[in-house]
Amino acid sequence: MKTKISLLLLILSAIASAKAQQGAAADPSDKMKTLDSAIKTTYEVISGEAGAERNWALFRSLFYDGARLIAVGKNPQTNELRLRVLSPEDYIQQTDPFFKKNGFFEREIGRKTMQYGNIAHVFSAYASFRTASDKAPFARGVNSFQLFFDGKRWWIVTIYWQAETADNPVPKELIGSWN
């Protein structure tokens, strides 16, 4: 009987420890205290080598309830501009299969920030790479972040982005020095 109770306590302790570790891994409190850390964490969590598991629990925890990710792009059939509106969960479902087969690293290359009270708008120019060691990006563009500060941490409300094209380059004044 004593052995069964000891075994049960050991199992419950292991489960509690695993749950605590999961919670700590997804706890963005330190990662979202400043605008800089919020933007950095967003880029880091979606970046990784092909097949590398992304920390989707952390990704989900970056967003305020009801947040949206919105891509501007052309409809391949009509060539007309359109919006693709996603929830964080939609984004995970659509990108996870791609990330399992392809490396993807997105780095910030410049930023303009405006803040008023507890809201902020961040224009963040990005460059996308297939591996961490690539020197030249395969794509660039601009992420438009809208964020909310609740007094303790920043929350992403919206990420709205558009990729660079030949007729719509990333503005030079938005690109900072980067390596």
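Residues numbered from 1 in each chain as written. Predicted model: local features only at pLDDT ≥ 70, side-chain atom pairs only at ≥ 80, totals over all residues. Heavy atoms only, no water.

## So, the pattern of salt bridges
Inspection of every chain in the model, using the stated rule, returns seven salt bridges. Residue Asp-36 pairs with Arg-111 through a salt bridge whose shortest N-O separation is 2.4 Å. Here Asp-36 is found in helix α2 (residues 35-46), whereas its partner Arg-111 is found in strand β3 (residues 105-116), with 75 residues between them in sequence. You can call Arg-111 partly exposed: its relative accessible area is 28%. Across the salt bridge formed by Lys-40 and Glu-44, the nearest N and O atoms sit 3.6 Å from each other. Taken together, the residues Lys-40 and Glu-44, both in helix α2 and four residues apart, mark about one turn of the helix. Via salt bridges that share partners, Asp-36, Glu-108 and Arg-111 belong to a single interconnected network. (Salt bridge = Lys/Arg side-chain N within 4 Å of Asp/Glu carboxyl O. Helix = DSSP H or I, 4+ residues; strand = E, 2+ residues; numbered from the N terminus. Buried < 20%, exposed > 50% of the residue type's maximum accessible area, 1.4 Å probe, protein only.)

## Things to note about the pairing of β3
Inspection of the sheet shows β3 paired to strand β4 (residues 119-129) by eleven bridges, in the antiparallel sense. Looking at the pairing, Gly-110 lines up with Ala-125 of β4. What sits between the antiparallel neighbours β3 and β4 is a turn of two residues, in which Gly-117 has the positive phi angle 55°. (Pairing = 2+ DSSP bridges.)

## Remarks on the confidence of the model for the protein chain
Of the residues in the protein chain, 82% have a pLDDT of 70 or more, and the chain-wide mean is 86. Taken together, the stretch residues 3-26 has pLDDT below 50 and engages in five contacts with residues farther than four places along the chain or on a different chain. (pLDDT = per-residue confidence, 0-100. Contact = heavy atoms within 4.5 Å.)

## Details of a nonpolar patch on the surface
A grouping of Leu-83, Val-85 and Tyr-160 is seen on the molecular surface, where their side chains present a nonpolar patch of about 270 Å² in accessible area. With respect to the helices, strands and loops of the structure, Tyr-160 is situated in strand β6 (residues 154-163). (Patch = residues over 30% accessible without salt bridge, like charges linked within 9 Å, V, L, I, M, F, W, Y side chains within 5 Å. Areas by Shrake-Rupley, 256 points an atom, 1.4 Å probe, with all protein chains shown as cover.)

## Regarding the pairing of strand β5 (residues 139-149)
Bridging between β4 and β5 involves ten bridges; their strand directions are antiparallel. Paired with Ser-128 across the bridge in β5 is Ala-139. Bridge count between β5 and β6: nine bridges; the pairing is antiparallel. Paired with Asn-143 across the strands is Trp-161, a residue of β6. Between β5 and β6, which pair antiparallel and follow one another directly, the connecting turn spans four residues, one of which, Gly-151, has a positive phi of 100°.

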